[in-house]
Structure formats: C-alpha cells, structure tokens
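Coordinate analysis (summary)
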Amino acid sequence: MTSEFFIFDLDGTLASSKNAMSEDMTSLLTQLLEKRRVAVISGGKYELLKFQVVDELEKVDANLSNLHILPVSGTQYHIYNKKKSTDRVYDHKVLYKNEFTASQKLQAISALLEVAAELNFLCEVSSGNRIEDRGGQITFSALGQNASISQKEQWDPTGSKRHELAMRVQRLLPALEVRPGGSTSVDITQIGVNKAYGIRKLCAITGTSLDQLFYTGDKFNDEGNDYPVIELGIDYLEVNSLDDTKAFLEELLQQLGENEAI
Ligand SMILES: [Mg+2]
C-alpha cells in the first residue's frame, strides 16, 4: 500500500458509539502513528473525540504530532505540537473553527422544534437534550441524546420519520443544509459540509493530494455519513465491525514493517 495518510471514521470504525477506544485499537493506532500521519473525522464534537480517541492515545504516550482530529465533519481542525523535542508533551492547537452565527443557530433550532412539534415528535419522553449545538452543526435527536441504542433503533427503523423532518425543515431553511443523521437525528450544517468537505480541508492544510489518502469507515450506503468520501475518489475500506478495523491495521502495520526492512 502506497498511501501516506490514513483517515478513520470514529463510531463503528475505531470505537463503538460514544465509547472510548479499546486498548487493542489504541495500541494498533499508536503503532501506525509512529509510521504515518493519521486523521480521525467524525460528526461528533471535539470533547467527544478527545474522550474517545485523544485521551486514550495520551495514556500510552502515542506520537500525537502525527495526529489530526477533525470534529463536526471537519468544520474544526485540531493538531498537537510537541513542546520539547525529547518529551511527548503536546500543545493542543485549533487551526480553525467554522461555526454558525448566533442568528443562524436560532433559526435552525426554531425550525427544528417547530416541525418536530407539528409531527408530534416532542410528545415522546426524552432522555437528555434534544438539541445539541456543535458549533458548526445543530443536531436534533428525537428521543434525546442519552436514549439507549435499542430505544433509538426502534424509533424510526425505516428512516421515514427522519426524512419527513429533514425535508420539512429544509423548506424553512433554504440557505442551510438539512439531512437525516443517526438513528433518531437530523443535522443542520452550512451547505456542502460533510466528510468530503473535511477531507478537502485536510489536503489543503497538510499539502497532501487525494491519491495519498486512505479512508476507513463503516457507513458508505447512500445515507451513510461516509458516503461523500466515495465521491472524492480516494481509496477506502468499508468495515462491518471494530474487529475488521483491527484486522486491517494489523495487516497494514505488517506491510509497513516489511517495506522498512527491505
Ligand atoms: Mg461510523
């Protein structure tokens, strides 16, 4: 494999939803960070990526100078600069944050609540906040953010409720992009913000060309959040489980080790 820069989706690829990476995954990613640059891109906010990925890597003194973290589909870009050449102590640096204005946020939240009320979605018992402000993205979760995975999966198995909500909210917000998100959620962003947007940003910032990238994710179907990556034409792997990702990393590390030995 000739790729120089490895990009990973987070939930369902490196860790289960909202959980920290396992020790195995952390160890494999740590080994890759010694050899190549690694990016993690997710729809989640920075605090979540920090908890799920960065904190785990810090615990094992991983080489964070090769790590790029792109929360909220790359509307933010975080890197870690080594403080001293000998120690693995890092300064966390935010290269940019593209956030909504206060009035855009207000418009987005009002439109979501108005349509959700019309559709009787607000009658359901919620667990945690229904509206989440991620800076560059507003997310509505019909059952609240803390509902269990099984509750969430039962709410809209066909996706029709999310579709209806997204379609009606889009009519109210023509200057923004509204789309179905996770199993109970609808996301609002600036037009054109998705993982392809984040990856283009990564190329521009790091001076990397698309053909040097390799992407690994778990949702490449039409409505999956990894789908836009395919349109970039970069090499990618679809995994069905965290074990698939581990198997890929093991094989990759072996190949990289063999190339070095030649
Ligand atoms: Mg995923």
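Residues numbered from 1 in each chain as written. Predicted model: local features only at pLDDT ≥ 70, side-chain atom pairs only at ≥ 80, totals over all residues.

What about unusual backbone geometry?
Our working definition: In this description a helix means any DSSP run of H or I spanning at least four residues, a strand means any run of E spanning at least two, and both kinds are numbered starting from the N terminus. Residues with at least 20 other C-beta atoms within 10 Å of their own are called buried, those with 12 or fewer are called exposed, and the rest are partly exposed. The C-beta atoms themselves are positioned from the backbone.
Even without a glycine there, the phi angle at Lys18 is positive, about 65°. One non-glycine residue, Val72, lies in positive phi territory at about 45°. Considering the arrangement of structural elements, one finds Val72 in the loop between β3 (67–70) and β4 (76–82). For Val72, a count of 26 C-beta atoms within 10 Å corresponds to the buried category.

Structural notes on the domain arrangement of the protein chain
Our working definition: Boundary definitions for the domains trace back to an automatic or database domain assignment. By definition, residue pairs are in contact when their C-beta atoms, positioned from the backbone, come within 7 Å. Under the scheme applied here, ten amino acids are nonpolar (Ala, Val, Leu, Ile, Met, Phe, Trp, Tyr, Cys and Pro), four are charged (Asp, Glu, Lys and Arg), and all others, including Gly, are polar.
Per the domain assignment, the segments of the protein chain are domain 1 (5–98 + 193–261) and domain 2 (102–190). Averaged C-alpha coordinates put domain 1 and domain 2 at centres separated by 27 Å. At the interface, eleven residues of domain 1 touch twelve residues of domain 2. Here the side of domain 1 that touches domain 2 is built from residues that sort into two nonpolar, six polar and three charged.

Focus: the nonpolar core
Applied cut-off: In these notes, a nonpolar core means any group of buried Ala, Val, Leu, Ile, Met, Phe, Trp, Tyr and Cys residues linked to one another through C-beta atoms within 7 Å.
Core analysis: the biggest nonpolar cluster contains 36 residues, and Ile7, Leu14, Ala39, Val40 and Val53 have the highest contact counts within it. Among the elements that line this core, the one with the most residues is helix α2 (residues 46–59), at five residues. Listed in part, the 17 residues of the second largest apolar core include Leu112, Phe140, Ala142 and Val178.

Brief notes about the pairing of strand β2 (residues 37–41)
The side chains of a regular strand alternate, residue by residue, between the two faces of the sheet. The criterion, for reference: We treat two strands as partners when DSSP finds at least two bridges between them. Orient the strands so they point away from the viewer, and a crossover whose first-strand-to-second-strand path over the helix runs clockwise is right-handed.
Counting buried positions along β2 gives five out of five residues, so the element sits mostly inside the fold. Covered by surrounding structure in β2 are Arg37, Ala39 and Ile41 together with Val38 and Val40, the residues of both alternating faces. In this structure, strand β1 (residues 5–8) lies alongside β2, joined through four bridges in parallel fashion. Residue pairing for β2: Ile7 is matched across the bridge by Ala39. In this view, the connection linking β1 to its parallel neighbour β2 by way of helix α1 (residues 23–35) has right-handed handedness. In this structure, β2 lies alongside β3, joined through four bridges in parallel fashion. Bridging from a neighbouring strand, Ile41 pairs with Leu70 of β3.

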